[in-house]
Amino acid sequence: MANDVANDIVEEHSLSSLLLAWFTLEKRDLPWRRTGDPYAIWVSEVMLQQTQVKTVIPYYEQFLQRFPSVVQLATASLEDVLTVWSGLGYYSRARRMWEGARYMCDQRGGKMPQDYDSLLLVPGIGKYTAGAIASIAFGQRVAAIDGNVLRVVSRLLAWPEPVETVRSHRHFGELLGKWQPAVQPGDFNQALMELGAMICTPKNPDCGGCPLAFVCEGYLQDDVFLYPVKKPKSQRQVVTRLTFVLRRGDQVYLQKRPSHGLLADLWEFPGVELSQGNDLKESILNISGDNGFGFFQKTVSERMFDELVREQFERGITLHGPVWYTFSHRRWKIIWAIFDFPDLDNPRNLPELLERPESKPEGVSAPRESVGEYRLDSRKDHQLEDHCWVTLQDLTGLPLPVAFTAIVDDLKTSEE
DNA sequence: AATGCGGGGAA
DNA sequence: TTCCCAGCATT
């Protein structure tokens, strides 16, 4: 019975000592375990959302080097923050951290909130992250329930319901609230997560090495693999994306994506999502001639080369690819057309080249109010340009999604 | 409660 | 391939 186990665990005080002893002995030496700086711990917790430790480490080091404190993050441009973040995914995390730093500067004198309830008010900090920071950095006795903890506890209790429900979450929270010691609440939370990452893994749990196996109902019933119970996930939809690669000498053309939705505020080769279900052949049919040029006009801001592009569409374009790219909820079949233009030795970024017939609010970074003294008045912070020409080498200085690296590689190899 | 939001590691 | 990862915000 799950309740009996729960009571046993609560009553068995030595159980948490057992877990903590294991943690003290076996814990990995991770960068964020060498600091007590709440800011650094905040950075680590946000990066670790839905992201494995191994992936995070290099980003963590770079980020702290570039933005060592709340104030330095708050006074940076979003563009710079996204550039350091690029490749890590879930880019709204970076934007919200940046907003969170500004919130701390504007409302809290540049200091981190020091308790669970105040941390919850910060953009990008939810229940898990608030609990993690409050317990690890400030020693508050609050739970931090992540995917690891859900797996560990569900196996411990042989919990028969889906773990994503409010009911499960509340039940686990109450249990952990009683179980968590007052002395090292942060270590207790980390120990549970570490156990989930190292021992109680999804596929090959090492129950033989688990300090809690002797009270684990899942293990005792030989049913570890039944848990955690999960609801079925919705399917990924497949979308064909026609991408326009404009090339002028050694430079390529990029546009900035809208501030909301997929890959928000990142740069990309402009493109359109063709209606779902078109196979490649059908797409070629649809995008030749005026139809394709229409796509181009609607998608690409740059108007200088319209005539050249129209000619090329009439002659018939060559499609490259496809390459596949998978997001968490969508799959792109990427095909691309390359347009080469004469490299007139125009000065870069002439204002008249950047002027656009009509304004497109979505493409411009959203205007912010009351950012106060921390507003950075650099060009980037309120840049009106939503497009630019850059060399392939300079791409590393911009936040470019990994989805386009295949195209970049193709351009680099075909360049020689 | 369901959905949108990246990228990579591991089996 | 599939699953899952130190989740959050919006609807």
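Calculation rules
- Residues numbered from 1 in each chain as written.
- Chains lettered and ligands numbered in written order.
- Predicted model: local features only at pLDDT ≥ 70, side-chain atom pairs only at ≥ 80, totals over all residues.
- Heavy atoms only, no water.
- Helix = DSSP H or I, 4+ residues; strand = E, 2+ residues; numbered from the N terminus.
- Contact = heavy atoms within 4.5 Å.
- Areas by Shrake-Rupley, 256 points an atom, 1.4 Å probe, with all protein chains shown as cover.
- Buried < 20%, exposed > 50% of the residue type's maximum accessible area, 1.4 Å probe, protein only.
- Pairing = 2+ DSSP bridges.
- Near = heavy atom within 4 Å.
- Polar contact = N/O pair within 3.5 Å; in protein donor to acceptor, adjacent residues only side chain to side chain.
- Nonpolar A, V, L, I, M, F, W, Y, C, P; charged D, E, K, R; others polar.
- Arc of directions from axis to C-beta.
- Core = buried A, V, L, I, M, F, W, Y, C linked by side-chain atoms within 4.5 Å.
- Phe/Tyr/Trp six-rings, centres within 6.5 Å; stacked < 30°, edge-to-face > 60°.
- Salt bridge = Lys/Arg side-chain N within 4 Å of Asp/Glu carboxyl O.

A. Representation of the overall build of chain A in the model. Per the secondary structure count, chain A includes 18 helices and seven strands. In chain A, the share of contacts with a sequence separation of at least 24, taken over all contacts with a separation of at least 6, comes to 68%. Of the roughly 20800 Å² of accessible surface on chain A, 50% is carried by carbon and sulfur atoms.

B. Representation of the pairing of strand β7 (residues 387-391). By the criterion of burial, β7 is predominantly enclosed, with five of the five residues buried. Neither face of β7 is exposed, since His387, Trp389 and Thr391 on one face and Cys388 and Val390 on the opposite face are all buried. Pairing of strand β2 (residues 251-256) with β7, which is carried by five bridges, proceeds in the antiparallel orientation. Bridging from a neighbouring strand, Gln251 pairs with Thr391 of β7.

C. Layout of the protein's contact with DNA strand B. Around DNA strand B lies a shell of 24 residues, among which Tyr91, Lys231, Leu263, Tyr325 and His329 are the nearest. Those atoms of DNA strand B that come within 4 Å of the protein belong to sugar or phosphate at a rate of 63%. Separating a base nitrogen of DNA strand B from a backbone N or O atom of Gln50 is a distance of 3.1 Å. Leu262 has a polar backbone atom sitting 3.0 Å from a phosphate oxygen of DNA strand B. Its residues assigned to classes, the surface near DNA strand B shows eleven nonpolar, ten polar and three charged.

D. Structural view of the protein's contact with DNA strand C. Near DNA strand C there are 24 residues, and of these Gly124, Thr129, Asp146, Asn148 and Arg151 occur at the shortest range. If you look at DNA strand C and keep only atoms within 4 Å of the protein, 72% of those are sugar or phosphate atoms. Between Gly147 and DNA strand C, the recorded distance is 3.1 Å, taken from a backbone N or O atom to a phosphate oxygen. For DNA strand C, a phosphate oxygen lies 2.4 Å from a polar atom in the side chain of Arg151.

E. Region of the structure containing helix α16 (residues 306-315). Looking at α16, one finds that the buried residues are Asp306, Val309, Gln312 and Phe313. Taken around the axis of α16, the buried residues stretch over an arc of 125°, which confines them to a single face. Looking at α16, the residues exposed on the side facing more than 90 degrees away from the buried face are Glu307, Glu314 and Arg315. Downstream of α16 by one or two residues, Gly316 has phi in the positive range, about 100°.

F. A look at the nonpolar core. The biggest cluster of nonpolar side chains holds 65 residues, and the ones touching the most others in it are Tyr39, Trp42, Met47, Phe63, Trp85, Leu254 and Phe269. In terms of residue count, helix α7 (residues 92-108) provides more of this core than any other element does, seven residues in total. Residues in contact with Tyr39, not counting those within four places in the same chain, are Phe63, Leu64, Phe67, Pro68, Ser69, Val70, Leu73 and Met112. One finds Leu19, Val149, Val163 and Phe188 within the second-largest nonpolar core, a separate group that totals 32 residues.

G. Layout of the packing of aromatic side chains. Counted by the stated rule, this structure contains 18 aromatic pairs. Seen in terms of ring centroids, Trp159 and Phe172 are 5.6 Å apart; in terms of plane orientation they differ by 70°. Their pairing is edge-to-face. Taken together, the residues span a long stretch of sequence, with Trp159 in the loop between α10 (147-157) and α11 (166-179) and Phe172 in helix α11 at a distance of 13 residues. This pair shows no difference in class: Trp159 is buried, exactly as Phe172 is. With a centroid separation of 5.3 Å and 75° between ring planes, the pair formed by Trp179 and Phe188 is classed as edge-to-face. Among the aromatic residues, those joined into a ring-pair cluster are Phe244, Phe293, Phe296, Phe313 and Phe339.

H. Spatial organisation of the environment of Thr201. Structurally, Thr201 is set in the loop between α12 (185-198) and α13 (217-220). With relative accessibility at 16%, the residue Thr201 sits in the buried group. Ignoring anything within four residues of it in the chain, the contact list for Thr201 reads Arg151, Arg155 and Gly196. There is a polar contact of 3.1 Å between the side chain of Thr201 and the backbone oxygen of Asn204.

I. Just the pattern of salt bridges, in detail. If you walk through the whole model with that rule in mind, you get 13 salt bridges. In this structure, Asp29 engages Arg34 in a salt bridge whose closest nitrogen and oxygen atoms are separated by 2.7 Å. For the salt bridge of Arg33 with Glu194, the shortest nitrogen-to-oxygen distance reads 2.9 Å. Of this pair, Arg33 sits in the loop between α2 (14-26) and α3 (38-47) while Glu194 sits in helix α12, placing them 161 residues apart in sequence. A relative accessible area of 25% places Arg33 in the partly exposed class. Among the charged side chains, a salt-bridge network with shared partners connects Arg28, Arg33 and Glu194.

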